[in-house]
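Residue-level structural notes
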Amino acid sequence: MQEGYEDIQAEGAELIAISADPIATVNSTQQTLQIGYILLSDEKTKTIEAYNVIDPSEIEVARPAVYIVNQDGNVAWKYLDARSGKRIGPEPILTQLKKF
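Definitions and cut-offs
- Residues numbered from 1 in each chain as written.
- Predicted model: local features only at pLDDT ≥ 70, side-chain atom pairs only at ≥ 80, totals over all residues.
- Heavy atoms only, no water.
- Patch = residues over 30% accessible without salt bridge, like charges linked within 9 Å, V, L, I, M, F, W, Y side chains within 5 Å.
- Areas by Shrake-Rupley, 256 points an atom, 1.4 Å probe, with all protein chains shown as cover.
- Salt bridge = Lys/Arg side-chain N within 4 Å of Asp/Glu carboxyl O.
- Lys, Arg positive; Asp, Glu negative; His and termini not counted.
- Charge placed at Lys NZ, Arg CZ, Asp CG, Glu CD.
- Helix = DSSP H or I, 4+ residues; strand = E, 2+ residues; numbered from the N terminus.
- Buried < 20%, exposed > 50% of the residue type's maximum accessible area, 1.4 Å probe, protein only.
- Core = buried A, V, L, I, M, F, W, Y, C linked by side-chain atoms within 4.5 Å.
- Contact = heavy atoms within 4.5 Å.
- Phe/Tyr/Trp six-rings, centres within 6.5 Å; stacked < 30°, edge-to-face > 60°.
- pLDDT = per-residue confidence, 0-100.
- Arc of directions from axis to C-beta.

Some words on a negative patch on the surface
Taken together, the side chains of Glu 3, Glu 6, Asp 7 and Glu 91 define an acidic patch exposed on the protein surface. Tracing the backbone shows Glu 6 in helix H1 (residues 5-10). Glu 6 sits in the exposed class, given a relative accessible area of 63%.

So this is what it looks like as structure tokens:
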């Protein structure tokens, strides 16, 4: 997602990723992969559960999900895969952002 981050910002949006990994792992991943966008830890899975993205086959893992939240705080678009492992690239996100 890092490669599309500047394009996402150019559309007036911000990218925030949430992981079920512990904060130390999240920080290490962010540094190792040189991730410029916000990467948060949800080790207790409260946000992951609130958005109903828990992978039923691995309850400590979130399914790949993307939410576009508009300026009013409403979910304007979402992508949610059935289980972990499949991620979308920036192109579908950019396509949706251009609609706003």
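Some points on the nonpolar core
Core analysis: the largest hydrophobic core is formed by ten residues, namely Ile 8, Ala 13, Val 66, Ile 68, Trp 77, Tyr 79, Ile 88, Ile 93, Leu 94 and Leu 97. Breaking this core down by element, the ones donating at least two residues are strand S5 (65-69), strand S6 (75-80) and helix H4 (90-97). Sort the elements by how many residues they give to this core and H4 lands first, with three residues. The contact partners of Trp 77, leaving out residues within four places of it in the chain, are Val 66, Tyr 67, Ile 68, Ile 88, Pro 92, Ile 93 and Gln 96. Residues Leu 15, Val 26, Tyr 37 and Leu 39 belong to the second largest nonpolar core, which totals seven residues.

Topic: the environment of Leu 40
Relative to the elements of secondary structure, Leu 40 occurs in strand S2 (residues 38-41). Residue Leu 40 is classed as partly exposed on the basis of its relative accessible area, which comes to 40%. Between the C-alpha atoms of Leu 40 and Val 61, which are 21 residues apart in sequence, the distance is 14 Å. Among all residues touching Leu 40, those that are not within four sequence positions of it are Ile 16, Ala 17, Ile 18, Ser 19 and Val 26.

Focus on the packing of aromatic side chains
Going through the model one piece at a time under the given rule, you end up with two aromatic pairs. Aromatic side chains Tyr 5 and Tyr 37 sit 5.6 Å apart centroid to centroid with 65° between the ring planes, which places their arrangement in the edge-to-face category. With Tyr 5 in helix H1 and Tyr 37 in the loop between helix H2 (23-32) and S2, the pair connects residues that are 32 residues apart, well separated along the chain. Note on accessibility: Tyr 5 and Tyr 37 belong to one class, buried.

Quick word on the confidence of the model for the protein chain
Model confidence for the protein chain is summarised by a mean pLDDT of 89, while 97% of its residues fall at 70 or above. Ranking the elements of the protein chain by mean pLDDT puts strand S4 (residues 58-62) last with 75 and H2 first with 96.

Regarding the pattern of salt bridges
Applying the stated criterion to the full structure yields one salt bridge. Residue Lys 98 pairs with Glu 11 through a salt bridge whose shortest N-O separation is 3.1 Å. Placement of Lys 98 in the segment after H4 and of Glu 11 in the loop between H1 and strand S1 (16-19) is noted, with a sequence separation of 87 residues between them. With relative accessibility at 56%, the residue Lys 98 sits in the exposed group.

With respect to H4
Looking at H4, one finds that the buried residues are Pro 90, Ile 93, Leu 94, Gln 96 and Leu 97. For H4, the arc enclosing every buried residue in end-on projection is 160°, short of the 170-degree limit, so these residues lie on one face. Buried residues along H4 sit against H1, S5 and S6.

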